[in-house]
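Read off the chains here:
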Amino acid sequence: AWLPWICAGLTSNEEAMQYYGLDQVMLIEFNKLCMRITTMLALPLCGCLAPLHFLYGGNAAGDDNLSRQGMANVVHGSVVVWAHPFFAWYVVAITQFLIFDAMGRFMALRSRWLANMPAPRATTLLVEEIPEGRNTEAEMRRYFDELVFRRPSVRVVHVVKDTSELDPLLQRIEVLRLELEKKGPEKPSIMAELAGLETSTKILREQLDATDELNTYNAFVTFRDRQDATIALKIFSPDDEEEIVATVPPAPEDVIWRDLLADPVRQTLRDYLGMACIVGLFFSFLPCIVGLSTITDLDNVTEKLPGFKAFVERHPAVESLWNGLLGGVAIIIMMSMLPTFLMIVFRTFWVNKGECFLQQRLQYYYFWFLIVFVLLITAIGNSLIETSAKLIEHPTMVFALLANTLPKSTHFYLNYLPIQWTTHAIGLTRNSTLFKFFLKKRFYDERRALELAEPEDQDYFGMGSRSARFTLTMVITLVFCTLSPLIVVLGWVEFFLGRIVYSYLFMYAETSKSDLGGAFFVQQLKNVQHGLFIFITLMTGVLLERADSCYPGAIVACIFPFMIQTYRKFHDVFKWEHLELNMLRDAASKEVTNTKGHYKQPSLPSPDQDGFRLPSIATSNELYKVMNILQSRIGRC
């Protein structure tokens, strides 16, 4: 077969989980879910509703053949509008049914993932806000063994230490090692500097490990079994007002150690600054997107450039190319830059604790930015403040606002989805990673160049960004499925390509990433349900505007109570974060044989390192004196 890589999409979830994480498996499953939803919608919408629009709509679309299959072909007061409430009920009911079914199947995979979680992550908690005097290994062990469980329960405690002065030295060592690995003649000066730094920092790391002077108020506590860890997690959860806070930690290799060194008092201010930057980023992007929509509208351009208008009249194909391609390409390029700006804000101002948690935060914010700037931008218009003021004064105006703006954009989204297919093709080539590989290969051997070229850009190609974009595509398909049934077919093709392309990338091309066990998938399902609320609001407004009576719109509005009830049920029924008690006992009865990493800072000696240990330094002043000496040695080099 000339395309054997397509077979990667045919692997079972159990087999796929052996090669890559559950997060990646569930991204493929989300594409499969969307294929099932669009298949169930395409049969009645394209087989029944679209012919009704075409044959009995009243030919409101005129010569616009693409609109004749949609609501744009239905004249005001047509009897066809009475079919829409029942199709709207069908769309919501079948989507919710399949979402609940997918969530139920995910629960089984999630339970298996939790049961097979390797040590020490399975039995470790991140303990924060430790009071002064208890932030030592001995005190934390005594706290849990004597005060909480009244029996030996703690296996090991790793208190996070303030290594902010040591980290630059270790970074310098990494830079020197990379210099030595480069092709070319030997570098005796670099070798001498590296040997001196390694000797000095080894002593300093041992001294840091022995002292409690630089302990922070955070610690990783590893328990003897999972039951004790789960009990401690429930007792000291962030919702309870206890003196310490316990949360589930990221994987050991995924921890962002510098975030654990943040000062709690200063961090409060940084949180507000980060949110202010998000708001500023939103209002900065808004005029750019509005300007793009103006530039990509051919009527606006020809009105202000008469010469260009004459050119378009001489070449009619330019009009189709301009309206069909330029707008979608411009918005995709613009929104592809947004994850990088968001990640800069997240890393600069907020505490994320782990790279996966950082991706999860990106998924949340990026999705809502996409909803506003890609889906709702036509409803917002040129002024967000003016539109918001009108909605605050007249909240029911939201129905008319969406009804008068979004249906006019169906052509844009019919072009937008096929343009998305090209982004998958570009991602399949991994051109940015390939470019980095050839660049690194000029200085390093092939194996080392390959290591340095990975992973791909995690701002745009990370799980958070990918999950948000696929969810947006599903929401667009749902929102416009009854206004333009053809979009359901285009959506199916989008998710089919996503399933094939990313199955191959995860299996054969990309390196393995840290895993949150399907947390991105759960957020995707929630966001799809948010999209259903937009769909109900839009169809209520459209039918109130198009029908002679209020009854079709009222029938659609009655979906709101059903949607609210099922949305709450989704949150109440599916407790996916932790193992159930009976499964927890089964998992605890099994001996944990697979271990992966440890929760001791990489700046400190490894916990299994057999090395000498110098007497601890009496005061932190002496420790800082040693650090300053080492810092000055680097400054002279």
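None of the values given here were measured: they were computed from a predicted structure.

What to know about the pairing of strand β1 (residues 124-128)
Point 1. Within β1, 5 of the 5 residues are buried, leaving the element largely enclosed by the surrounding structure.
Point 2. The side-chain alternation of β1 yields two buried faces, one formed by Thr124, Leu126 and Glu128 and the other by Leu125 and Val127.
Point 3. Of the strand pairs in this sheet, β1 and strand β3 (residues 215-223) are connected by 4 bridges, and their pairing is antiparallel. Residue pairing for β3: Val127 is matched across the bridge by Ala219.
Point 4. Where β1 meets strand β4 (residues 245-247), 3 bridges bridge the pair, whose relative direction is antiparallel. Its bridge partner being in β4, Leu126 is matched across the sheet by Thr247.

A word on the packing of helix α3 (residues 84-115) against helix α22 (residues 519-546)
Point 1. Where α3 meets α22, the axes come as close as 11 Å, and the angle between the chain directions of the two elements is 175 degrees. As far as their axial angle goes, α22 and α3 are roughly antiparallel. Residue-level inspection shows His84, Pro85, Ala88, Val91, Val92, Thr95, Gln96, Ile99, Ala102, Met103 and Phe106 of α3 in contact with α22, the latter providing Phe521, Val522, Leu525, Val528, Gln529, Leu532, Phe535, Ile536, Met539 and Leu543.

Looking at a nonpolar patch on the surface
Point 1. A grouping of Phe54, Leu55 and Tyr56 is seen on the molecular surface, where their side chains present a nonpolar patch of about 350 Å² in accessible area.
Point 2. Note on placement: Leu55 falls in helix α2 (residues 22-56).

Focus: the nonpolar core
Point 1. Within the largest apolar cluster, 125 residues are counted, with the highest numbers of intra-cluster contacts made by Leu342, Phe373 and Leu375.
Point 2. Apart from the residues within four sequence positions on either side, Leu342 is in contact with Ile278, Leu281, Leu362, Tyr365, Tyr366 and Phe369.
Point 3. Of all hydrophobic cores here, the second largest spans 19 residues; its members include Leu125, Phe149, Ala219 and Leu233.

What to know about the sheet that holds β1
Point 1. Taken in spatial order, the 4 strands make up an open sheet running β2-β3-β1-β4, and their pairing is antiparallel. Both outer strands of the open sheet, β2 (154-161) and β4, are each paired with one neighbouring strand and no more. On average, each strand axis in the sheet is tilted by 25 degrees relative to the strand beside it, whichever way the strands run.
Point 2. Sheet strands touched by helix α4 (residues 137-148): β1, β2 and β3. Its angle to β2, the strand with the most contacts, is close to 140 degrees.

Description of the packing of aromatic side chains
Point 1. Per the stated rule, a full pass over the model turns up 35 aromatic pairs.
Point 2. Ring geometry for Phe282 versus Phe369: centroids 5.8 Å apart, planes at 75 degrees, classification edge-to-face. Of this pair, Phe282 sits in helix α8 (residues 264-295) while Phe369 sits in helix α13 (residues 355-375); the two residues are 87 residues apart in sequence, bridging distant segments of the chain. Here Phe282 and Phe369 have matching classes, each one buried.
Point 3. Seen in terms of ring centroids, Phe470 and Tyr502 are 5.5 Å apart; in terms of plane orientation they differ by 80 degrees. Their pairing is edge-to-face. Linking Phe470 in helix α20 (residues 463-479) with Tyr502 in helix α21 (residues 486-509), this pair joins segments that are 32 residues apart in sequence. The burial state of Phe470 is the same as that of Tyr502; both residues are buried.
Point 4. The ring of Phe443 carries the charged tip of Lys182 above its face, separated from the ring centre by 5.4 Å.
Point 5. Directly above the ring of Tyr460 sits Arg469, whose terminal nitrogen or CZ lies 3.8 Å from the centroid.

Side note on the confidence of the model for the protein
Point 1. Looking at the protein as a whole, its pLDDT mean stands at 85, while 88% of the residues score no less than 70.
Point 2. This model gives residues 609-627 a pLDDT under 50, and the stretch forms 33 contacts once residues within four places in sequence are excluded.

Side note on the pattern of salt bridges
Point 1. This structure, assessed with the given rule, holds 24 salt bridges.
Point 2. Salt-bridge contacts for Asp101 lead to Arg105; the nearest nitrogen and oxygen are separated by 3.2 Å. Placement of the pair is Asp101 and Arg105 together in helix α3, with a separation of 4 residues, close to one helical turn.
Point 3. Note that Arg466 is salt-bridged to Glu510, the shortest N-O span being 2.6 Å. Placement of the pair is Arg466 in helix α20 and Glu510 in the loop between α21 and α22, with a sequence separation of 44 residues. Side by side, Arg466 and Glu510 carry an identical accessibility label, which is buried.
Point 4. Beyond isolated ion pairs, a larger network of salt bridges with shared partners links Glu29, Lys32, Asp101 and Arg105.

Thresholds, definitions, all that
Residues numbered from 1 in each chain as written. Predicted model: local features only at pLDDT ≥ 70, side-chain atom pairs only at ≥ 80, totals over all residues. Heavy atoms only, no water. Buried < 20%, exposed > 50% of the residue type's maximum accessible area, 1.4 Å probe, protein only. Helix = DSSP H or I, 4+ residues; strand = E, 2+ residues; numbered from the N terminus. Pairing = 2+ DSSP bridges. Axes fitted to C-alpha atoms, helices over the stretch in contact; angles between N-to-C directions. Parallel < 35°, antiparallel > 145°, perpendicular 65-115°, else oblique. Contact = heavy atoms within 4.5 Å. Patch = residues over 30% accessible without salt bridge, like charges linked within 9 Å, V, L, I, M, F, W, Y side chains within 5 Å. Areas by Shrake-Rupley, 256 points an atom, 1.4 Å probe, with all protein chains shown as cover. Salt bridge = Lys/Arg side-chain N within 4 Å of Asp/Glu carboxyl O. Core = buried A, V, L, I, M, F, W, Y, C linked by side-chain atoms within 4.5 Å. Phe/Tyr/Trp six-rings, centres within 6.5 Å; stacked < 30°, edge-to-face > 60°. Lys NZ or Arg CZ within 6 Å of the ring centre and 35° of its normal. pLDDT = per-residue confidence, 0-100.

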